[in-house]
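# Remarks on the overall topology
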Amino acid sequence: MAFSSPAEKEKAMKEMFDRAYVLTFAQKLLAIDSPSGYTHHAIAFLKKEAQTLGYKTALNEKGNLLIYVSGASSEKTIGLSAHTDTLGLMVRSIKESGTLALTTLGGPILPTLDGEYCRIITRSNKVYSGTILSTSPATHVYPDAASVPRDLEHLEVRIDEMVKNKEAVKKLGIANGDIVAIDPKTTVTESGFIKSRFLDDKISVSVLFGVLQYLRKHDVKPNYDCIIMISTYEEVGHGASCMPKEVSELLAVDMGCIGLDLDCTEYDVSICAKDSSGPYDYAMTSHLVKLAQKHDLHYALDIYPFYGSDVSAALRGGNDLRGALIGPGVHASHGMERTHYEALEQTMQLVLAYLCEA
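Our subject in this report is the structure included herewith. (Residues numbered from 1 in each chain as written. Predicted model: local features only at pLDDT ≥ 70, side-chain atom pairs only at ≥ 80, totals over all residues. Heavy atoms only, no water.)

Using the criterion set out here, one finds 11 salt bridges in the structure. The partner of Glu249 in a salt bridge is Arg322, with the nearest N and O atoms 3.0 Å apart. On the criterion of sequence distance, the pair formed by Glu249 in strand β13 (residues 247-253) and Arg322 in strand β17 (residues 322-328) is long-range, its members being 73 residues apart. According to the relative accessible area criterion, Glu249 is buried, its value standing at 6%. Note that Lys294 and Glu357 form a salt bridge whose closest N and O atoms lie 2.7 Å from each other. Residue Lys294 is found in helix α6 (residues 282-294), and its partner Glu357 is found in the segment after α8 (341-356); the two are separated by 63 residues along the sequence. Judged by relative accessible area, Glu357 falls into the buried class, the value being 9%. Residues participating in the shared-partner salt-bridge network are Lys76, Glu249, Asp281 and Arg322. (Salt bridge = Lys/Arg side-chain N within 4 Å of Asp/Glu carboxyl O. Helix = DSSP H or I, 4+ residues; strand = E, 2+ residues; numbered from the N terminus. Buried < 20%, exposed > 50% of the residue type's maximum accessible area, 1.4 Å probe, protein only.)

The structure is reproduced here in structure tokens:
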């Protein structure tokens, strides 16, 4: 049922979310390879979990997951989004030496990939392990081992199979266009830090599922009907470009930026006023700031100069809606990322307030 009074809402807001559920869920999701274009395993996991929590689900044609949350009123429908697609790589070509040339899926910081373990996934569902290395990988052999650029022309995959030439690689079933998934190296520390590649944006998906679990556990309904979209092509620019027509406002939950003159830290919920696509809806953003202040949340209001979100994609896709962007502060985005559970807690509280307060 819906909150019966402001006092009941305030009491519920102060109750802790299920930390063990959120962190366990995040680790399971981060362990599923899902670079843009190869997200079906992650979506299947999320669909099953949403249904286990008791929510109705659907998939649109591009593979985005829709989760339906009944509200106290059907006067309008609000939307939330987070994306489960991640950065990744694809086989550009097989070299005569038996190593793999690469092309990017999204925008990983390429120098951070030198030395990373990876998985090559063929279209016949065979999976081979490998390592991403510089083309000058040995300091005892190559005079430019430390100085060669770490870019697509100088990074390649060494496959963990007995292959010495191109033909041997082809016999394994590896081909141009195969997915190369990067090992996320997920670690949760006793001090509450979550270290992993692809916290952008699987940690925000975990935030939304933490809220879904909270709503079900406490038998709480949002003020209005809600559709949560888990998108699958955000990292390449068109994740939420097609929203359900009934959605009139969209809150994207994506990582908050840290660095330069930004106020956000790894312990905050970030509220974005503007990114590279332009300003977010002024009234929605102001309302989120007021909610954060009302509940004494640790928040930052910032501008992201090199950023786009599911809201950006939805507006460019011609959807008639207004949108805003929040998310937990994540350090070292598109590299070896890190956040703290406190940021997740602050973000979950702000999402809950947005759903359940006028």
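Further remarks concern the nonpolar core. Counting 100 residues, the largest nonpolar core has Leu80, Phe209 and Leu355 as the members making the most contacts within it. The residues touching Leu80, leaving out its near neighbours within four places in the chain, are Leu208, Cys226, Ile227, Ile228, Met229, Leu250, Leu251, Val253, Val351, Tyr354 and Leu355. Tyr38, Leu105, Ile179 and Ala181 belong to the second largest nonpolar core, which has 5 residues in total. (Core = buried A, V, L, I, M, F, W, Y, C linked by side-chain atoms within 4.5 Å. Contact = heavy atoms within 4.5 Å.)

A few words on empty space enclosed by the protein. Counting across every chain of the model gives 1 cavity of 30 Å³ or more. In terms of lining residues, the largest cavity is bounded by Leu30, Ile32, Asp33, Ser34, Pro35, Thr86, Leu87, Ala181, Ile182, Pro184, Phe198 and Lys202. (1 Å grid on protein atoms, 1.4 Å probe; cavity = no way out; pocket = protein on both sides within 12 Å on 5 of 7 lines; lining within 4 Å. Points joined across faces, edges and corners; volume = space filled by probe spheres on them.)

With that settled, consider the sheet that holds strand β10 (residues 187-188). Backbone-to-backbone hydrogen bonds pair the strands of a sheet. The strands run either parallel or antiparallel. Reading across the sheet, the 3 strands line up as β10-β11-β18 and stay open at both edges, with antiparallel pairing between neighbours. Taken across any chain shown, the strands that pair with only one partner, and hence form the sheet edges, are β10 and β18 (337-340). As judged from the 4 bridges shared by strand β11 (residues 193-196) and β18, these two strands associate in the antiparallel manner. Its bridge partner being in β18, Phe193 is matched across the sheet by His340. (Pairing = 2+ DSSP bridges.)

Reported here for the largest pocket is a volume of approximately 560 Å³. Met255, Cys257, Phe306, Tyr307 and Ser333 are the residues nearest the centre of the largest pocket, which is lined by 28 residues in total. With 3 residues, the single largest contributor to the lining of the largest pocket is helix α7 (residues 310-316). For the lining of the largest pocket, the class distribution of residues is 14 nonpolar, 8 polar and 6 charged. (Nonpolar A, V, L, I, M, F, W, Y, C, P; charged D, E, K, R; others polar.)

All right, on to unusual backbone geometry then. With an omega dihedral of 10 degrees, the bond running from Asp200 to Asp201 counts as a cis peptide bond. Here Asp201 is to be found in helix α5 (residues 199-217). With a phi angle near 65 degrees, Ala332 is a residue other than glycine that sits in the positive phi range. Examined against the element boundaries, Ala332 turns out to sit in the loop between β17 and β18.

Glancing now at the pairing of strand β6 (residues 117-121). Note that β6 and strand β7 (residues 127-134) share 5 bridges and pair antiparallel. Following the sheet pairing, Arg119 is matched in β7 by Ser129. Between β6 and the antiparallel strand that follows it, β7, lie 5 residues; Asn125 among them carries a positive phi value of about 70 degrees.

Let us look at α5. With 19 residues, α5 extends 25 Å from end C-alpha to end C-alpha; this agrees with the ideal 27 Å at 1.5 Å per step. α5 sits mainly inside the fold: 17 of its 19 residues count as buried. Where α5 terminates, the next one or two residues include Asp219, which has phi positive at roughly 50 degrees. (Expected span 1.5 Å × (residues − 1).)

Quick look at the side chain of Thr122 now. Tracing the backbone through its elements, the reader meets Thr122 in the loop between β6 and β7. Judged by its relative accessible area of 3%, Thr122 is buried. Within the local environment of Thr122, its side chain forms a polar contact with the side chain of Ser124, the two groups lying 3.0 Å apart. (Polar contact = N/O pair within 3.5 Å; in protein donor to acceptor, adjacent residues only side chain to side chain.)

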